[in-house]
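Descriptive structure summary
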Amino acid sequence: MATSLTDIHSDIINTHILPCLDGPSLATTTTLSSYLQNLCSDDKIWNRMCKSTWPSSTHPCVQKIISAFPFGHRSFFHDAFPVLVIDPCMREQDQQLDCLTSYTGLSELVSAIDIHYKKEIIYSAVKLTNTSTKNFLSSSLWIELRNDPSIINQSIDLKVDEIGEATLLQLKESLTLNWVVMSTSWKRAGNLSSVKPVRVKEGFLPNEILVQYKTILPGIDPQDIVQCKIHVVLQGEVAAGFQLKTVILKLQDLNSICIKGNDFLVITQRAIMEESKVIRKMVANNDQETMMTCKEFKEMKRKEKEIQKDIAVKNNYTENSLLFFLCVSFLVLFLHFLGPGLG
């Protein structure tokens, strides 16, 4: 006699099956049948999933924002777990957007930062940023965590004789970071990190390691692109492990100039709402699409530098030509007035 899924008691599924699934698997399970969708709609399941993925989600400020989401923790997970990327199918398409160039109405931005090493949480913190001041809106965006109160801050158990290529490679493969931004007015969240590092190198100080995460997003003009860069500084003793020292987020254009706070809010809101050629995508090992986007940004940055260099050369040539013309004109006039006296 065949047994259907509905013959299995819901308590067994809730107690022994669903808790064993990771986030993506749980999300997929909801699409298999209406019965499973109903079982997976329990907010307690998604609350537990969010806490295990991002301990920062237990912070009161984060919990308050999640409570305003349409489906609570389930909505938050679906927003925050994937990364934000430019849809390759829409890169060459024009997209009509609201002429939003200034942002008002958002008084506070909440950032939830969680860092894992070999899937074990080593750092978790929440940063509150006042976005209503003129100083924030008109100044270059720079969100930094240094000695901020943290939920978790543990050292990385990486003990080696020296910092070499093998150590840097191990960190690049094992150190993941999530930087999820959210606000009450948006009722949405978005992960501004690439999750996996794009670069790991030795720092300027002894026993210092710099880890960089990067996401490419459309700019204020959707035809332009900007890069969201997150820098992590690790400091410690080679034989005793490493401690997180600083985490910094900034948004830069092709000329490596930091975007102002106002523009950051506009760009971030559009990306989170998937309004500017942006989609959410699950992170995969050796994600070729993300790597290609970063390479394209570097190529565009190189071309922009060449254009700026050509403009500088032309301006310099124009200035020199004008100076030469003025000198010759002055000399002619000087000789003209001096001529009668010489005669």
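As a further point, take the overall build of the protein chain. The helix and strand inventory of the protein chain stands at 10 helices and 12 strands. Counting over 343 residues, the protein chain shows a buried share of 43%. When the accessible surface of the protein chain is totalled, it reaches about 19000 Å², and 56% of it is carbon and sulfur.

What follows concerns the packing of aromatic side chains. For the coordinates displayed, the defined rule picks out 6 aromatic pairs. Every member of this aromatic cluster is reached through a ring pair, and the members are Trp46, Trp54, Phe69, Phe76, Phe77 and Phe81.

Residues Val278 and Arg280 of strand β12 (residues 278-281) are buried on one face, while the alternating residues Ile279 and Lys281, pointing to the opposite face, are not. In terms of strand pairing, strand β1 (residues 83-86) meets β12 through 4 bridges, oriented antiparallel. Each residue of the ladder has a partner; that of Val85, found in β12, is Ile279.

Spatially, β4-β11-β10-β9-β8 is the arrangement adopted by the 5 strands of the open sheet, whose pairing is antiparallel. Strand pairing shows two members of the sheet lacking a second neighbour, β4 (143-145) and β8 (199-202), which therefore form its edges. Strand-to-strand twist of the sheet, defined as the mean angle between neighbouring strand axes without regard to direction, takes the value 15°. Pairing between strand β9 (residues 208-218) and strand β10 (residues 225-237): 11 bridges, direction antiparallel. Residue pairing for β10: Gln212 is matched across the bridge by His231. Across the sheet, helix α8 (residues 165-174) is in contact with β8, β9 and β10; its angle to β8 comes to roughly 150°.

Below, the discussion takes up helix α6 (residues 73-80). Summarising burial for α6: 7 of the 8 residues are buried, a large majority. Among all positions of α6, only His73, Arg74, Ser75, Phe76, Phe77, Asp79 and Ala80 are buried.

One open sheet holds the 5 strands; their spatial order is β5-β3-β2-β6-β7, and the pairing between them is antiparallel. Looking along the sheet, the strands with just one partner apiece sit at the ends: β5 (152-153) and β7 (188-191). Examined bridge by bridge, strand β3 (residues 120-130) and β5 share 2 bridges and lie antiparallel to one another. The residue of β5 that forms the bridge with Ser124 is Ile152.

Right, let's talk about the pairing of strand β11 (residues 241-252) for a bit. Consecutive side chains along a regular strand alternate between the two faces of the sheet. Most of β11 sits out of view: 10 of its 12 residues are buried. Sheet topology note: the β4/β11 ladder contains 3 bridges and is antiparallel. The residue bridging Leu145 from the neighbouring strand is Val247, located in β11.

Now for the nonpolar core. Nonpolar side chains tend toward joint burial in soluble globular proteins. Residues Ile115, Trp179, Leu234 and Val247 are the most contacted members of the largest nonpolar core, which totals 46 residues. Residue contacts for Leu234: discarding those within four places in its chain leaves Ile156, Leu171, Leu175, Asn207, Glu208, Ile209, Val211, Phe242, Gln243 and Leu244. In this structure, Ala27, Ile45, Phe76 and Val110 belong to the second largest nonpolar core, which totals 25 residues.

A few words now on the pattern of salt bridges. Two side chains of opposite charge can pair, provided their charged atoms sit close to one another. Applying the stated rule across the entire model yields 5 salt bridges. Of the charged contacts in the structure, one is a salt bridge between Asp79 and Arg280, with a shortest N-O distance of 3.8 Å. In this pair, Asp79 is assigned in helix α6 and Arg280 in strand β12, connecting sequence segments 201 residues apart. In this structure Asp79 comes out as buried when scored by relative accessible area, which is 7%. Several salt bridges share partner residues, and in doing so they unite Asp79, Arg188, Glu274 and Arg280 into one network.

So, on to the environment of Val233. Along the polypeptide, Val233 turns up in strand β10. Residues Val233 and Val247, 14 residues apart in the sequence, show an inter-C-alpha distance of 6.5 Å. With near-sequence residues (within four places) excluded, Val233 lies in contact with Glu208, Ile209, Leu210, Gln243, Leu244, Lys245 and Thr246.

This brings us to the environment of Leu84. Along the chain, Leu84 turns up in strand β1. C-alpha separation for the pair Leu84 and Ser193, spaced 109 residues apart in sequence, amounts to 8.1 Å. With residues near it in sequence (within four places) discarded, Leu84 still touches Gly190, Asn191, Leu192, Thr215, Leu217, Ala271, Ile272, Val278, Ile279 and Arg280.

Rules of the game
- Residues numbered from 1 in each chain as written.
- Predicted model: local features only at pLDDT ≥ 70, side-chain atom pairs only at ≥ 80, totals over all residues.
- Heavy atoms only, no water.
- Helix = DSSP H or I, 4+ residues; strand = E, 2+ residues; numbered from the N terminus.
- Buried < 20%, exposed > 50% of the residue type's maximum accessible area, 1.4 Å probe, protein only.
- Areas by Shrake-Rupley, 256 points an atom, 1.4 Å probe, with all protein chains shown as cover.
- Phe/Tyr/Trp six-rings, centres within 6.5 Å; stacked < 30°, edge-to-face > 60°.
- Pairing = 2+ DSSP bridges.
- Axes fitted to C-alpha atoms, helices over the stretch in contact; angles between N-to-C directions.
- Contact = heavy atoms within 4.5 Å.
- Core = buried A, V, L, I, M, F, W, Y, C linked by side-chain atoms within 4.5 Å.
- Salt bridge = Lys/Arg side-chain N within 4 Å of Asp/Glu carboxyl O.

Nothing here speaks to function; it is all geometry.
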